[in-house]
Amino acid sequence: MPRASSKTSVPSAAPVTAPAENGTAPADKNSSIESIANDIATAIVEKRLPPGTWLREEALGRVYSVSRTKVRAALLMLSKDKLIEMIPDKGAFVCQPTVDEAREVFAVRRILEREVVRLFIANARPRDYQTLEQHIKFERTALRQSTTMGTVREKLLGDFHVALAEATGNHTLAEMVRELVARSSLIAMLYHSSNDPHCSSDEHSDFLRLCRKGDVEAAVTCMIEHLERIEASLELGTEKPDRQLDLVKALLA
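I will try to describe carefully the structure that is included in this document.

The rules behind these values
Residues numbered from 1 in each chain as written. Predicted model: local features only at pLDDT ≥ 70, side-chain atom pairs only at ≥ 80, totals over all residues. Heavy atoms only, no water. 1 Å grid on protein atoms, 1.4 Å probe; cavity = no way out; pocket = protein on both sides within 12 Å on 5 of 7 lines; lining within 4 Å. Points joined across faces, edges and corners; volume = space filled by probe spheres on them. Helix = DSSP H or I, 4+ residues; strand = E, 2+ residues; numbered from the N terminus. Nonpolar A, V, L, I, M, F, W, Y, C, P; charged D, E, K, R; others polar. Pairing = 2+ DSSP bridges. Buried < 20%, exposed > 50% of the residue type's maximum accessible area, 1.4 Å probe, protein only. Patch = residues over 30% accessible without salt bridge, like charges linked within 9 Å, V, L, I, M, F, W, Y side chains within 5 Å. Areas by Shrake-Rupley, 256 points an atom, 1.4 Å probe, with all protein chains shown as cover. Salt bridge = Lys/Arg side-chain N within 4 Å of Asp/Glu carboxyl O. Lys, Arg positive; Asp, Glu negative; His and termini not counted. Charge placed at Lys NZ, Arg CZ, Asp CG, Glu CD. Polar contact = N/O pair within 3.5 Å; in protein donor to acceptor, adjacent residues only side chain to side chain. Contact = heavy atoms within 4.5 Å.

Attention now moves to the layout of surface pockets. The volume enclosed by the largest pocket comes to roughly 420 Å³. Taken together, 26 residues make up the lining of the largest pocket; nearest its centre are Glu154, Leu157, Gly158, Ser185 and Ala188. Contributions of two or more residues to the lining of the largest pocket are made by helix H4 (99-123), helix H6 (150-166), helix H7 (171-190), helix H8 (197-213) and helix H9 (216-232). Top element by residues in the lining of the largest pocket is H6. It accounts for seven residues. The residue makeup of the lining of the largest pocket, split by class, is 11 nonpolar, nine polar and six charged.

The next subject is the sheet that holds strand E3 (residues 91-94). Reading across from one edge, E1-E3-E2 is the order of the three strands in this open sheet, with antiparallel pairing throughout. Of all strands in the sheet, those with a lone pairing partner are strand E1 (54-55) and strand E2 (84-87), marking the two edges. Pairing analysis gives four bridges linking E2 to E3, with the strands arranged antiparallel. Note on E3: the bridge partner recorded for isoleucine 87 is glycine 91.

The subject of this paragraph is the pairing of E3. The sheet contact formed by E1 and E3 spans two bridges and is antiparallel. Residue pairing across strands places leucine 55 opposite alanine 92, the latter belonging to E3. Here E2 hands over to E3 after three residues, with aspartate 89 in that stretch at a positive phi of 65°.

A few words on the environment of glycine 52. Within the secondary structure layout, glycine 52 lies in the loop between helix H1 (33-45) and E1. Glycine 52 gets classed as buried once you look at its relative accessible area, which sits at 1%. Separated by 44 residues in sequence, glycine 52 and glutamine 96 place their C-alpha atoms 6.1 Å apart.

A word on a negative patch on the surface. Together, Glu85, Asp100, Glu101 and Glu104 make up a negatively charged patch on the protein surface. Ranked by residue count, the leading element in the negative patch is H4, at three residues. Summarising the element assignment, glutamate 104 is placed in helix H4.

Looking at the secondary structure, you find histidine 161 in helix H6. Take histidine 161: its relative accessible area is 3%, and that puts it in the buried class. A distance of 2.7 Å separates polar atoms of two side chains, one belonging to histidine 161 and the other to glutamate 113. With sequence-adjacent residues up to four places away left out, histidine 161 is seen in contact with Arg109, Glu113, Val177, Val181, His204, Met223, His226 and Leu227.

Read these as spatial facts, not as claims about activity.
Written out as structure tokens, the structure is:
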């Protein structure tokens, strides 16, 4: 849902629409700067736009039927969220986090999500637990369906952390977690995560059970171990080669 701030709202964004084969744009000519940014952010999180993808302004202008000025404003919003990098005289590219940046993202997530857990247990209402339990059911349904794309399953797993942060009532904290979860998705793409989604969903369930018991320290420990296991599933031994993919080819793949 659009917000007044410059932050993009990854979980609620609609999917990116590729241009038609004849190069014409979709009929909707009322795309706002924020809706374009949210659309692209969702495509990145869902791994339709891998790290290194060249986000060509003229191609995006055709996709959204808007001027390059409007596209450029949307890309600037995404650069503030660390999802894309604006390189002078070259253009905009989906970010390719370094090994050090990847480790820093998970280090910060452990710090922030420790506080998220404490605030959630202190402030959560019955409907908050119901929302998260329903989310876990969605995760497990997606895992059982062989036709569900892996990108969708992984996005659901990341959205659990965002929903948890939103349930604390601290909007600033939730925005920070949302950004870090989106960056974690980029990191997982670039460093070939071997994370088992079934294991992650089971850990979400175990974590929520501890929260219901009011066992703060055990719940915090569970969350930290969960994040550490996800980080350990990454191949962070070496830097990955630079990849610059064509935007339209990436969207149509």
